[in-house]
Amino acid sequence: MEYLEIEGGRPLRGEVHIQGSKNAALPILSAVILHRGTTVLKNCPKIIDVMYMLEILKDFGCRMSWEGENLVIDASELLDSRVEECYGRQMRSSIMLLGSLLGRMKEACVSYPGGCVIGARPIDLHLAALKRLGAVFIEEPTGLKAICRQPVGTTIDLPFPSVGATENVILLAVLAEGTTILENAAREPEIVELCRFLNGMGGDIRGAGASRLEIRGVKELRDTEFTIMPDRIVAGTYMLMTAAVGGSVCLKDVPLEQLESVQSVLEKMGVHQESRGQEVQLSCTKRPRSIGELSTSPYPGFPTDLQSPLLTALSLAQGSSIVRETIFEARFKTVEELRRMGANIQIEGQKAIIQGVPRLCGTDLTARELRGGAALVLAAAAAEGSSRVYQYHYIARGYENIIRDLQSLGVVVRYSRRQ
Ligand code: UD1
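Keep in mind the model is a prediction, meaning the values are calculated, not measured.

Definitions and cut-offs
- All residue numbers here refer to positions counted from 1 along the written sequence of the relevant chain.
- Given that the model is predicted, a residue must reach a pLDDT of at least 70 before its local features are reported, and side-chain atom pairs must reach 80 or more before they are shown or counted; all residues, however, enter totals for whole chains, interfaces and linings.
- Remark: hydrogens and water are excluded; side-chain values derive from all non-hydrogen atoms of the structure.
- Secondary structure elements follow DSSP: runs of H or I no shorter than four residues count as helices, runs of E no shorter than two count as strands, and numbering proceeds from the N terminus.
- For two strands to be treated as a pair, DSSP must find at least two bridges joining them.
- Lines are fitted to the C-alpha atoms to define the axes, a helix being fitted only along its stretch in contact, and any angle between axes, read from their N-to-C directions, falls within 0 to 180 degrees.
- We call two residues contacting when some pair of their heavy atoms lies within 4.5 Å.
- Crossovers are marked right-handed if the path from the first strand over the helix to the second runs clockwise, as seen with the strands pointing away from the viewer.
- Type-normalised accessible area, obtained with a 1.4 Å probe on protein chains alone, sets the label of each residue: buried when under 20%, exposed when over 50%, and partly exposed for intermediate values.

Topic: unusual backbone geometry
Here is step 1: Residue Pro300 is bonded to the preceding Tyr299 through a cis peptide linkage, with omega at 10 degrees.
Here is step 2: Along the polypeptide, Pro300 turns up in the loop between strand E17 (292–295) and helix H10 (307–315).
Here is step 3: In this structure, Lys106 is a non-glycine residue whose phi angle is positive, near 70 degrees.
Here is step 4: Relative to the helices and strands, Lys106 resides in the loop between helix H4 (97–105) and strand E6 (107–111).

Focus: the sheet that holds strand E5 (residues 70–74)
Here is step 1: Across the sheet, which stays open at both edges, the four strands sit in the order E4-E5-E3-E13 with mixed pairing between neighbours. In the strand order of this sheet, the two ends are held by strand E4 (63–67) and strand E13 (224–227), each with one partner. Pairwise comparison of adjacent strand axes, ignoring direction, gives a mean angle of 15 degrees for this sheet.
Here is step 2: With four bridges joining them, strand E3 (residues 38–42) and E13 adopt parallel strand pairing. What sits directly across from Val40, in E13, is Glu225.
Here is step 3: Sitting on the sheet, helix H7 (residues 189–200) is in contact with E3 and E13, with an inclination near 155 degrees to E13.

Section: the pairing of strand E10 (residues 179–183)
Here is step 1: Where strand E9 (residues 155–157) meets E10, three bridges bridge the pair, whose relative direction is parallel. Within E10, the position partnered with Thr155 by the bridge is Ile181.
Here is step 2: In the classification by handedness, the crossover that spans E9, the intervening helix H6 (residues 163–173) and the parallel E10 is right-handed.
Here is step 3: The pairing of E10 with strand E12 (residues 213–216) spans four bridges and is antiparallel. Following the sheet pairing, Ile181 is matched in E12 by Glu214.

Focus: the environment of Gly203
Here is step 1: Tracing the backbone through its elements, the reader meets Gly203 in the loop between H7 and strand E11 (204–206).
Here is step 2: Judged by relative accessible area, Gly203 falls into the buried class, the value being 13%.
Here is step 3: Separated by 52 residues in the primary sequence, Gly203 and Pro255 place their C-alpha atoms 25 Å from one another.
Here is step 4: Contacts of Gly203, omitting those with residues within four sequence positions, involve Val174, Leu198, Val218 and Leu221.

Structure follows, in structure tokens:
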């Protein structure tokens, strides 16, 4: 069993470069197979979820190599369109391969998706939208078989701006016959990034970042070289860590324009922020303040992926706060662990009521999912005494090297593996 051992309670001091974005890299890797040629990706994060995705692409027949920091993928010849169950169940993003496999191979087999245990996470919106483009689905015991001989553009209105369903529509529509209009599309920066990538390959997608997307089908795509944007959720994690632990932190390569909702929360908490270009200097010398009420919501609202790290910071704030989770119904899994450290948090349905306490006490903690795991690392770094955070592998799904980053900020942390 892998775990992190963290000595908490020391103010942060140091700087961290923010890695490439996980949620941008995964749909882009899926999109790579739409082109019968070579793609070069820069700043692709070396995280477990990306490694799984690369294994899946290899199974399809992609050839790939790391040339220094550049990931080179040759998808000229694909032989298979089946996502092996072992990968599909590990990672929800494997569902993202439906659109691109159908676009390239006209058929696909995927197992029902896995991923973080933060809610039921159905795929009904994906399937309904892809059907509108001409896909047919056959349920099999281990998953779904999909066929789409000729995708044809149409108008699709999503009942909810699902990030994944928006990405799947884009992936199938980009090579479809005619134009697809997607209403109520997700507006997340990762959608904009996917469109920027596909347009760089010769795609014709308009309206990225707005609720109405127009995807004009093109005949084929071309070779491209693309730099993946920095990860707003990793940056947000370390910004909230400054509030939770205190100290002075410099973050480099931060997509600040995507983090307005987080910066305004930090301002309410009394964290001093000074930004220059893609760099932000944060400092927090006193106990953070509570924030009143906040709800997670689709972009540009406060991201659900930062809700757990926010709870950690608020459990140490002066005063009480209320956080409503509106995206995933089972995303308060860290609360029990935080309570064992001395936090005062009550859960009422989708609402967490946090009465800040002056200190948390280090103890043994278990990560149950990616962002919740990161929130426990923050709590361990803020707590008095030492803590162990078990099930580190969840955290490695999204943070390239959280140990190196913590050490750069002066946190005493060790990685251990026990048989
Ligand atoms: C993506 C992100 C995840 C982030 C989330 C919301 C990736 C790899 N993951 O996840 O980190 O937390 O966006 O910003 O990019 N839903 C349905 N039916 C569907 C699809 C979704 O009911 O077919 C529901 C989900 O259960 C959830 C909500 O819609 O309650 C949002 O899901 P969605 O926006 O699709 O998130 P993901 O793409 O899974």
